[in-house]
Amino acid sequence: MKLEIRGLTKRFGSFVANDDISLTIEPGQIHCLLGENGAGKSTLMNMLYGLLEPSAGEVLLDGEPVSFASPGDAIAAGIGMVHQHFMLIPVFTVAENVMLGREQTRTLGVLDRDRAAQVVRDLSREYRLAVDPDSLVESLPVGVQQRVEIIKALANHAKVLILDEPTAVLTPQEIDELMEIMRSLKQQGTSIVFITHKLREVKAIGDTITVIRRGKVVGSASPDTSEEDLAEMMVGREVKLTVDKEAATAGSPVLEVQNMTVIDGRGQTVVKDVSFEARAGEVLGIAGVQGNGQTELIKSLMGLVRPSAGRILLEGQDISRWGPRDSLGAGIGYIPEDRSHDGYVGAFSVRENLVLDLYKHDDYSRGPALRLDAIAGNARDRIAEFDIRTEDMDTPVSALSGGNQQKVVVARELSRPLKVLIASQPTRGVDVGSIEFIHKRIIEERDRGTAVVIVSTELDEIYGLADRIAVMYDGRIVGTVSPDTPRETVGLMMAGASSPEEPTPASVGGERD
Amino acid sequence: MTDKPEPDAAEPDAETHARAESVGQGADLRSPVTWLPTVKVTAAAILLALVVGALLIVVSDREVIEAAGYFFDYPWDFFKFAGEAIWESYRALVLGAVGSGAALSQTLERAAPLICAGLGVSLAFRAGMFNIGAQGQLIIGAVCAGFVGFTFDLPIGLHLLLALVAGVAGGALWGAIAGYLKAQTGAHEVITTIMLNYVASSTLLYLLTKDAFQRPGSDNPRSLPVDDSATFPMLFGFHSGVLVAIAVAVVAWWLLERTTLGFEMRAVGANADAARTAGMSVRKVYTLTMLIAGGLAGLAAVQQILGHHDSLTANVAGSLGFDAITVALLGRATPLGTVLAGLLFGALASGGIQMQASEAATPVELTQVLQALIVLFVAAPALVRGVLRMKESGGGATVMAKGWGS
Amino acid sequence: MGLVTAITAEAAQDLPRVRDRADVVRQVKLVVVMAVVTALLVFFALTVDNSHVQFVLGERVTVDSPPKELPAHPVLWVSAVVAAVGTVLAAANRIPRDWRGVVVYLLVGLAFYAGFIVWAYSDQSGSFQSSIANPLPGTIRIATPLVLGALAGCMCERAGVINIAIEGQFLMGAFFASVAASLAFNAYMGLVGAILAGVGMAALLAVFALRYLVNQVVLGVVLIALATGLTSFLLSQIPGDPAIKQYFNEPPRLDTIAIPGLSQIPVVGEALFNQTALVYLMYVSVVVVAFVLFQTKWGLRVRSVGEHPKAADTVGIKVNRVRWQAVLFGGVFAGLGGAYYTVGSTGAFDREVSAGNGFIALAAVIMGRWHPLGATAAAVFFGFMWNLQSQLSFVDKIPSQLLGMTPYLATIIAVAGFVGRVRPPAADGEPYVKS
């Protein structure tokens, strides 16, 4: 099926999210839509899928103008979408998720679960997407959840499949598998729209590349365009794909983790006997696919989750029973992975968020009373120092862009002397300008002699920042390698293979060969 | 997994402002407690509530109903009687509320406990808790204050102070139970405070069967009135507890907006996870907030029982604890708003009595309907604007408990 | 790649055996509770002097069923032994996690009930000897409105709309049941009036929650205040003149209907199957709600909009339409629950006749973890406790006011001690707005 978009525009109030976008997706083609976070890719796809109503423009399917009032219409017309944030109901089974909206029923609307399960089994055999129809979605790894999303689209006989940032949660191997699936779908005549901000991927799979910036199509490219050129098209200026830094001068260990095990609320062991150390003046990067225990590991370092076994030492002192206040007070800076959830209070102003964990400090309060003038002064300084783009210091943080929200968190954590900086996904959902800025500040902090621990699911970020790379898989550190290790090796480790080498005997983590 | 909040997209700098606008609206929708955008909408909501109230007066007035029976023969009667009933009722309502010095005093004295208990509910809201337990906290506060008030024989001033402290402490303790249980076990405060309300009223009933709480020689569940030395002295025609209520509202504002504890309360209420990550003790905040909220409800009980030589009876708290919730909601959980809402409800309560005594004999329950309608309409500004064809206007956000999440 | 080895299952077994802290805490609590129960039962056994206690299998002593003798001491000691065994099992962490565990808890609970009731009825002073009576008929009766209200709560909240206003629906249901039954001189018309009133309140809830996006917690409280005010207002507008009053607030009551055969079953038959039509409607409602929610297409959609409305939207489900339907459907049960307080029991409507029971139904929804069967169980538990309280008010061992607290204290202990944090439907209380 041929999909044409003509002059599609979407306005939110005075803000134009999509400005006069035109594209053509030929049948049996993989069309990549490249753009950085916030460029308007998802807005465009949500209009195609009937989730948003276009302010202007039209969509044509095989030359016929169509309009979708709801996703139901889009599905009926043969459009399927795999959302960046999976549209699956965690407490339903795979079969229930697949059948939802087009349920197989017996008389009187009684669900026919057997038939639904059979549909899932048939599709998973036909497209080699292994999944058990009766398992609960919340118990499945993200990679499998994504398969469920694809099956959902296929069950609706999708002729155009939109994949919105599908690789963010996958291991390199799973990404390869996904690309295999995409190729086989393409051979069967399905058109695919592949949305991403990862240059490597568009080059690997795309037939055509359209680049979007600030809601506008800025051009198209062929897959053999160089990464540098694609990046420049995407961002609108020359971009350095690497982070400038000197070689690290690692000092003594500041933070040591010994044999830590964490059991989560559901009784699952999510961190398994992990040991590592972070040294002064060095960045330790913890790589791994989302959901392999990094979140819980970091939370227990901060005292947000109590480890079931093991010790955490800060400069030799056992801090494993400390709460977050003690840890923060002792000089650990913390940038949480999900900023809107843990990093800031959205309803609070920039001014208040900049002292969210400092308000008890003598600089900002006297006895029970807050020192409003000092808090305002701090806000003025940080906003200037970190170039936080905000109307004023009383603007609620929820009204800032993602990059500026993250800058608020980073500014707060770097505004006091640190021994250790723990940053989890420091640039997730952040624009390229802010990424460059945040990376620069992290390296500056390292050069000041702070021990830095970075957790990231983006290998590019890990390679850009880390002086040593620890890879986590299934709750263990499967190995610690140096950043000159080939990406393929680290990719395999992220899928559970143990490391080929041990550069630092002191950091034998979950190594069990 | 799928329920992760979407990472906010970064917008080019020039568009930050535009984005702020659109996100502002988004935030409006996500926490629909951002009502009371303007005084105008509130005034309109009150007007609308009065219109609905007028309809109720009309449909339930005997003369009007009879006139409706021969409406097509003589429609004028219907409108005349309807107009008269509405006019009489609302005139009496206004006169009873603010028509004289006595009426004003009455309004203030009725508003004082509503303000205190309403502040308790408001503070809990701001810390993300829904305190349905003001009723129980009031009852226990009344028991403690009353017991000190009628049992001991102490000098003027000291007696009042002691009774006041006892009442506040009793309420605080009762509130703190719910806060502590939420902090330590995650037990939802809606359930525990509801249950504690029942436990409190059972306790009161039980105590009223005991000799220490009954009048000598009587088996009635009614205590002695509190001593003179433990009642609030009269000032300008109303008891001085009213001034205490205003003072407490100022303190509550200071606590919330100007202290580290208030900062913690608001942070926990708006985003408990971020507060915990920032090193705040969410548990401490829950317990302390409910302690303070309970103390404020206890103070409301003190107003009630030490205001006018009152006795402790099974009905000492009336429906104050529940009215306090509506007051806090109308006041958008801010101290100033709560004071204003308390005054409005106090006026409705004291005016309602006169309304019932008026010629139209409109039942005092109408004021309860009016109260509910006012809050309902204020909470749904879109409805009010739609009905009255007002223009859209932005409004500030106050964070409040929104669901069961704990 | 030869140097790459996958993590094997063996490696996973090398993990240090670490037991989850929460699990340990849970066990400790269980042991404490069981030990307290055991100690109490031993205390009861030791303090009872006269071993003779009377009981009847029916709800009260009649000529047909004279009281029978029950030896108190053996009952008490057997109960104590059962509880002791439970304590030992808990201490050894040997209570299974499946249905067998539930059986253990039920047995210990039953033992406590038996021991407690025997103790309460023993050594009665005065000439008249009260007899232990069958708790089931009263329990079922009292639980009926609570179960119906809780079902209404489940329906709404499963669809993602918080319903605190069950109490308001009760009041309106009760009032209009009385009015409708009075006007029609027919108690069954009262049920129709109640359903209409319940659905009407539900419509108010839906329109403000779904159309005007009012905070649903706020909304619930306001609707209760509105219903309380409105019913009190309308009641006081009904003239006291009996000639007029009989048309508005003197309804006939629902008759009890014995179901042939079933009502003859010993012990439980009379209790379960000699009740009013409302009680039978309650049984049917529990089955219907549980079946509809979990076995039908519509139920699947209801749960999907309560868990993840956007996901439902992306497969073409009209989120707000489904929510409207669920809220209105829930209103049917809440209205019926309200009918209990007038045509279902005492007859005429009185001010605040449901006396806050809507809040108890709400608590039952949460204690039952938003599952219709769990909520029903919690509601029945309340009915049981209230019934126990009213039965024990005839014996003087415990002051009735103190006894009156026990259901609420028990709830607090259960919620704080064993239920803890509960997981509501993920989108409960979140209005769904397309951006």
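**Student:** Break down the overall build of chain B for me, citing the residues and quoting the values.
**Tutor:** A tally of helices and strands in chain B yields 16 helices and four strands. The 406 residues of chain B split such that 59% are buried. Put simply, 78% of the contacts in chain B that link residues at least 6 apart link residues at least 24 apart.

**Student:** How would you summarise the sheet that holds strand S10 (residues 216-221) of chain A if you had to cite specific residues and measurements?
**Tutor:** Strand pairing in a sheet is mediated by backbone hydrogen bonds. Such pairs are either parallel or antiparallel. Residues and elements named next belong to chain A. Sheet architecture is open: six strands sit in the order S6-S7-S8-S3-S9-S10, paired in mixed fashion. In this open sheet, the two edge strands, each paired with only one partner strand, are strand S6 (79-82) and S10. Strand-to-strand twist of the sheet, defined as the mean angle between neighbouring strand axes without regard to direction, takes the value 20°. Examined bridge by bridge, strand S7 (residues 160-164) and strand S8 (residues 191-196) share five bridges and lie parallel to one another. By the bridge assignment for S8, aspartate 164 is matched with isoleucine 195. Lying on the sheet, helix H6 (residues 172-187) is in contact with strand S3 (30-34), S7 and S8; it crosses S8 at an angle near 150°.

**Student:** Report on unusual backbone geometry, specifying residues and quantitative values.
**Tutor:** Residue alanine 333 of chain B is not a glycine yet carries a positive backbone phi of 65°. Locating alanine 333 of chain B in the fold gives a position in the loop between helix H13 (320-330) and helix H14 (335-357). On the basis of neighbour count, alanine 333 of chain B is assigned to the buried category, with 25 C-beta atoms found within 10 Å. A positive phi angle, close to 50°, is found at phenylalanine 185 of chain C, a residue other than glycine. With respect to the helices and strands, phenylalanine 185 of chain C occurs in the loop between helix H6 (166-184) and helix H7 (187-211). Among the residues examined, phenylalanine 185 of chain C registers 12 C-beta atoms within 10 Å and is labelled exposed.

**Student:** An account of H7 of chain C is needed here, citing residue identities and associated values.
**Tutor:** Counted at 1.5 Å a residue, the expected span for H7 of chain C with its 25 residues is 36 Å, and the 35 Å between its end C-alpha atoms agrees. One or two residues past the end of H7 of chain C sits leucine 213 of chain C, with phi positive at roughly 55°.

**Student:** Just give me the short version of the sheet that holds strand S12 (residues 269-279) of chain A, but keep the residues and values in it.
**Tutor:** Residue and element names in this part refer to chain A. With respect to topology, four strands assemble into an open sheet ordered S12-S11-S14-S15, the strand pairing being antiparallel. At either end of the open sheet lies a strand with only one pairing partner, and these are S12 and strand S15 (317-318). Two strands pair when backbone bridges link them, and strand S14 (residues 309-314) and S15 are joined in this way by two bridges, in the antiparallel orientation. Bridge pairing in S15 links leucine 314 to glutamine 317.

**Student:** Let's hear about the nonpolar core: which residues, and what values?
**Tutor:** Counting residues in each nonpolar core, the largest one holds 435 residues, and the members touching the most others are Leu205 and Ala364 of chain C. Per-element tally for this core: the top contributor is helix H12 (residues 282-307) of chain B, with 15 residues. Each residue touching leucine 205 of chain C, except ones within four places of it in the same chain, is listed here: Val161, Asn163, Ala165, Leu219, Leu223 and Val327 of chain C.

**Student:** I'd like a rundown of the interface of chain B and chain C, residues and numbers included.
**Tutor:** Taken together, the contact between chain B and chain C spans 47 residues of the former and 46 residues of the latter. Taken together, the elements giving at least two residues each to the side of chain B that touches chain C come down to helix H1 (16-30), helix H2 (39-60), helix H7 (158-185), helix H8 (189-207), H13, helix H15 (365-379) and helix H16 (381-388) of chain B. Broken down by element, the residue count for the side of chain B that touches chain C peaks at 10 residues, all from H15 of chain B. Residue composition of the side of chain B that touches chain C, grouped by class: 30 nonpolar, 14 polar and three charged.

**Student:** Report on the pairing of strand S22 (residues 476-481) of chain A, specifying residues and quantitative values.
**Tutor:** All names here are of chain A. When you tally the buried positions in S22, you get six out of six residues, the bulk of the element. Taken together, the five bridges between strand S21 (residues 468-473) and S22 define a ladder with antiparallel strand orientation. Among the inter-strand pairings, methionine 472 is bridged to a residue of S22, identified as isoleucine 477. Counting the residues in the hairpin turn of S21 and S22 gives two residues, including aspartate 474, whose phi is positive at 50°.

**Student:** I'd like a description of the confidence of the model for chain C, backed by residues and values.
**Tutor:** With 94% of its residues at a pLDDT of 70 or more, chain C has an overall mean of 87. For this predicted complex, the interface score ipTM comes out at 0.84, while the overall pTM is 0.85.

**Student:** Quick one: what's the story with the pairing of strand S11 (residues 253-263) of chain A, residue by residue and with numbers?
**Tutor:** All names here are of chain A. Here S11 pairs with S12 via seven bridges, running antiparallel. Across the sheet, the residue bridging to proline 253 is arginine 279, located in S12. What sits between the antiparallel neighbours S11 and S12 is a turn of five residues, in which glycine 267 has the positive phi angle 85°.

**Student:** I'd like a description of the packing of H6 of chain C against helix H14 (residues 319-339) of chain C, backed by residues and values.
**Tutor:** If you want to describe how two helices pack, look at the angle between their axes and the distance between the axes. All names here are of chain C. Where H6 meets H14, the axes come as close as 7 Å, and the angle between the chain directions of the two elements is 60°. Classified by the angle their axes make, H6 and H14 are oblique. Handedness of the crossing formed by H6 with H14: right-handed. Across the interface between the two elements, Ile166, Gln169, Phe170, Leu171, Met172, Gly173, Ala174 and Ala177 from H6 touch Gly331, Ala334, Gly335, Leu336, Gly337, Gly338 and Ala339 from H14. Tallied by class, residues from the contact of H6 with H14 come to nine nonpolar, six polar and no charged.

**Student:** Run through the environment of arginine 253 of chain C, naming residues and quoting values.
**Tutor:** All names here are of chain C. Its place among the elements puts arginine 253 in the loop between helix H9 (242-248) and strand S3 (256-258). On the basis of neighbour counts, which here come to 16 C-beta atoms within 10 Å, the residue arginine 253 falls in the partly exposed class. Aside from chain neighbours lying at most four places away, what touches arginine 253 is Ala187, Val343 and Gly347.

Here is what the cut-offs are and how they apply
- Residues numbered from 1 in each chain as written.
- Chains lettered and ligands numbered in written order.
- Predicted model: local features only at pLDDT ≥ 70, side-chain atom pairs only at ≥ 80, totals over all residues.
- Helix = DSSP H or I, 4+ residues; strand = E, 2+ residues; numbered from the N terminus.
- Buried ≥ 20, exposed ≤ 12 C-beta atoms within 10 Å, placed from the backbone.
- Contact = placed C-beta atoms within 7 Å.
- Pairing = 2+ DSSP bridges.
- Axes fitted to C-alpha atoms, helices over the stretch in contact; angles between N-to-C directions.
- Expected span 1.5 Å × (residues − 1).
- Core = buried A, V, L, I, M, F, W, Y, C linked by C-beta atoms within 7 Å.
- Nonpolar A, V, L, I, M, F, W, Y, C, P; charged D, E, K, R; others polar.
- pLDDT = per-residue confidence, 0-100.
- Parallel < 35°, antiparallel > 145°, perpendicular 65-115°, else oblique.
- Left-handed = near helix turned anticlockwise from the far one by under 90°.

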